[in-house]
Amino acid sequence: MIPNVDNDSLVYLNGELVRLGDAKISVLDRGFIFGDGIYEVVPVYHGKPFRIHEHLARLQRSLKKVCIETGKSDADWEHLLRDMLKRSGLADCTLYLQVTRGVAKREHGFPTDPCEPTIFCMVSPFARPDAKKREHGYSVVSMPDLRWQHCDIKSVSLLGNVLAKQFATDAGVDDVIQFRNGHLSEGSSSNVWVVKNGVLIAPVRDEFILEGIRYVFIQELAQKLGIRFESRAILQEEVAAADELMLSSATKEILPITQYDGKAVGNGKPGPVYAQLRAGYDAAIAAL
Ligand code: PMP
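Quantities reported herein were computed from a predicted structural model and do not represent experimental measurements.

Quick word on the packing of aromatic side chains
For step 1, the next point in the chain: The full count for this structure, using the stated rule, is ten aromatic pairs.
For step 2, the next point in the chain: Geometrically, the ring pair formed by Y215 and F229 is edge-to-face, given 6.3 Å between the ring centres and 90° between the ring planes. Linking Y215 in helix α6 (residues 213-225) with F229 in strand β12 (residues 229-231), this pair joins segments that are 14 residues apart in sequence.
For step 3, the next point in the chain: Judged by relative accessible area, F229 falls into the partly exposed class, the value being 22%.
For step 4, the next point in the chain: An aromatic cluster of at least three residues, connected via ring pairs, comprises Y45, F50, F126, F217 and Y281.
For step 5, the next point in the chain: Above the plane of the ring of W77 lies K72, whose end atom (NZ or CZ) is 5.8 Å from the centre.

Things to note about the packing of helix α2 (residues 52-65) against helix α3 (residues 74-88)
For step 1, the next point in the chain: For the pair α2 and α3, the least separation of the axes is 10 Å and the interaxial angle reads 120°. With respect to their mutual orientation, α2 and α3 come out oblique. Handedness of the α2/α3 crossing: right-handed. For the pair α2 and α3, the contacting residues are I52, H53, L56, L59, Q60 and L63 in the first and D74, W77, E78, L81 and R82 in the second.
For step 2, the next point in the chain: Its residues placed into classes, the contact of α2 with α3 shows six nonpolar, two polar and three charged.

Description of the pairing of strand β6 (residues 118-125)
For step 1, the next point in the chain: With two bridges joining them, strand β1 (residues 10-13) and β6 adopt antiparallel strand pairing. Residue pairing across strands places L13 opposite F120, the latter belonging to β6.
For step 2, the next point in the chain: Pairing between strand β5 (residues 93-100) and β6: eight bridges, direction antiparallel. Directly across from T100, in β6, lies its bridge partner T118.

Focus on the sheet that holds β1
Strand pairing in a sheet is mediated by backbone hydrogen bonds. Such pairs are either parallel or antiparallel.
For step 1, the next point in the chain: The six strands lie next to each other as β2-β1-β6-β5-β3-β4, forming an open sheet whose pairing is antiparallel. At either end of the open sheet lies a strand with only one pairing partner, and these are β2 (16-19) and β4 (48-49).
For step 2, the next point in the chain: As judged from the four bridges shared by β1 and β2, these two strands associate in the antiparallel manner. Bridged to L13 within β2 is E16.
For step 3, the next point in the chain: Helix-sheet contacts for α2 involve β3 (37-45), β4 and β5, and the interaxial angle to β3 is about 175°.

Description of the environment of S248
For step 1, the next point in the chain: With respect to the secondary-structure elements, S248 resides in strand β13 (residues 244-249).
For step 2, the next point in the chain: Given a relative accessible area of 2%, S248 falls into the buried group.
For step 3, the next point in the chain: Beyond its immediate chain neighbours, meaning those up to four positions away, S248 contacts S190, N191, W193, R214, I218, E253 and I254.
For step 4, the next point in the chain: For S248, the side chain forms a polar contact with the side chain of W193, separated by 2.9 Å.

Considering the pattern of salt bridges
For step 1, the next point in the chain: In this structure the tally under the stated criterion is 24 salt bridges.
For step 2, the next point in the chain: Taken together, the shared-partner salt bridges connect R128, R134, E253, R278 and D282 into one network.

Quick notes on the pairing of strand β11 (residues 199-202)
For step 1, the next point in the chain: Burial of the side chains of β11 extends over both faces: V199 and I201 are buried on one face and L200 and A202 on the other.
For step 2, the next point in the chain: What sits between strand β10 (residues 191-196) and β11 in their antiparallel hairpin is a turn of two residues, with N197 showing a positive phi close to 50°.
For step 3, the next point in the chain: Bridge count for β11 against β12 is three bridges, and the pairing is parallel. Across the sheet, the residue bridging to L200 is F229, located in β12.

Points about a nonpolar patch on the surface
For step 1, the next point in the chain: A surface patch of nonpolar side chains, amounting to about 470 Å² of accessible area, comprises I25, V27, L28, F32 and V103.
For step 2, the next point in the chain: On the secondary structure map, V27 appears in the loop between β2 and α1 (30-34).
For step 3, the next point in the chain: Here V27 falls in the exposed class, since its relative accessible area comes to 58%.

Describing the site of the ligand
For step 1, the next point in the chain: Close to the ligand lie 16 residues; R58, K154, E186, R214 and A250 are nearest.
For step 2, the next point in the chain: Taking K154, its side chain carries an N or O atom lying 2.6 Å from a nitrogen atom of the ligand.
For step 3, the next point in the chain: For the ligand, an oxygen atom lies 2.7 Å from a polar atom in the side chain of R214.
For step 4, the next point in the chain: With the chains in place, 93% of the 390 Å² that the ligand exposes on its own is no longer accessible.
For step 5, the next point in the chain: Going through the elements one at a time, α6 and β13 are the ones with two or more residues in the shell around the ligand.

Reading the values: rules and limits
Residues numbered from 1 in each chain as written. Predicted model: local features only at pLDDT ≥ 70, side-chain atom pairs only at ≥ 80, totals over all residues. Heavy atoms only, no water. Phe/Tyr/Trp six-rings, centres within 6.5 Å; stacked < 30°, edge-to-face > 60°. Helix = DSSP H or I, 4+ residues; strand = E, 2+ residues; numbered from the N terminus. Buried < 20%, exposed > 50% of the residue type's maximum accessible area, 1.4 Å probe, protein only. Lys NZ or Arg CZ within 6 Å of the ring centre and 35° of its normal. Axes fitted to C-alpha atoms, helices over the stretch in contact; angles between N-to-C directions. Parallel < 35°, antiparallel > 145°, perpendicular 65-115°, else oblique. Left-handed = near helix turned anticlockwise from the far one by under 90°. Contact = heavy atoms within 4.5 Å. Nonpolar A, V, L, I, M, F, W, Y, C, P; charged D, E, K, R; others polar. Pairing = 2+ DSSP bridges. Polar contact = N/O pair within 3.5 Å; in protein donor to acceptor, adjacent residues only side chain to side chain. Salt bridge = Lys/Arg side-chain N within 4 Å of Asp/Glu carboxyl O. Patch = residues over 30% accessible without salt bridge, like charges linked within 9 Å, V, L, I, M, F, W, Y side chains within 5 Å. Areas by Shrake-Rupley, 256 points an atom, 1.4 Å probe, with all protein chains shown as cover. Near = heavy atom within 4 Å.

Structure (structure tokens):
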């Protein structure tokens, strides 16, 4: 019995539908042994996946970067996800998809004998960020980005992200903002946005951050709303002096950061650029 999950819900594991509480993988699965795998999280609103094609394109890019071959096309993945969504009967939920290199003798190099990737999919209920989070915003602390240098790969090796999130919890705040060599990278599981003098600024989409599906979506929203957008290296001092800070992810959507290292961001309340982007985000969800 796994606490806090619906043990009776059905998950997909290597072509079979299994009760979540009964689903098992081999102890020699390379996902378990090495964190050798890729994942995706697709948010679903009133039964409609949000930006599913963008998520699947990123999945394929990540798989390619780590040389995991599944032989599955975007259409195959989409079929699998939509089928699981339908079976779940859930309206607001997340589709979680994980692919590992498979089961093999424990050796670091890629297996030379044929090795089928392990494919796992589960559908979980999802509650959108509530009014409290939207109105009060997040508190964050800064910390050095101690992760590896392939943060563009959506790898299941998330120990660095796990430790970053725990750093926030231990500090009594909601999340962290990480810095590499004095420059903003991202949150523990989100992209970070800075507003200065009405300009929306985000770090360059390079190997030091995950190319969030919301990164592109918010960039598009900004363009539609007439908000000037810049993608460039952002100094730690600029973050500390920002008019507004925000973070974005599949489950957090877009949220204001109102406290940074114990100090108020701007006037300590969600700002006008956030309000515009939040309204645009809500409208896009309503129009799905
Ligand atoms: N960076 C990291 C490290 C993340 O884990 C996430 C969430 N998956 C993001 C950024 C945001 O990506 P997305 O908008 O696709 O959820």
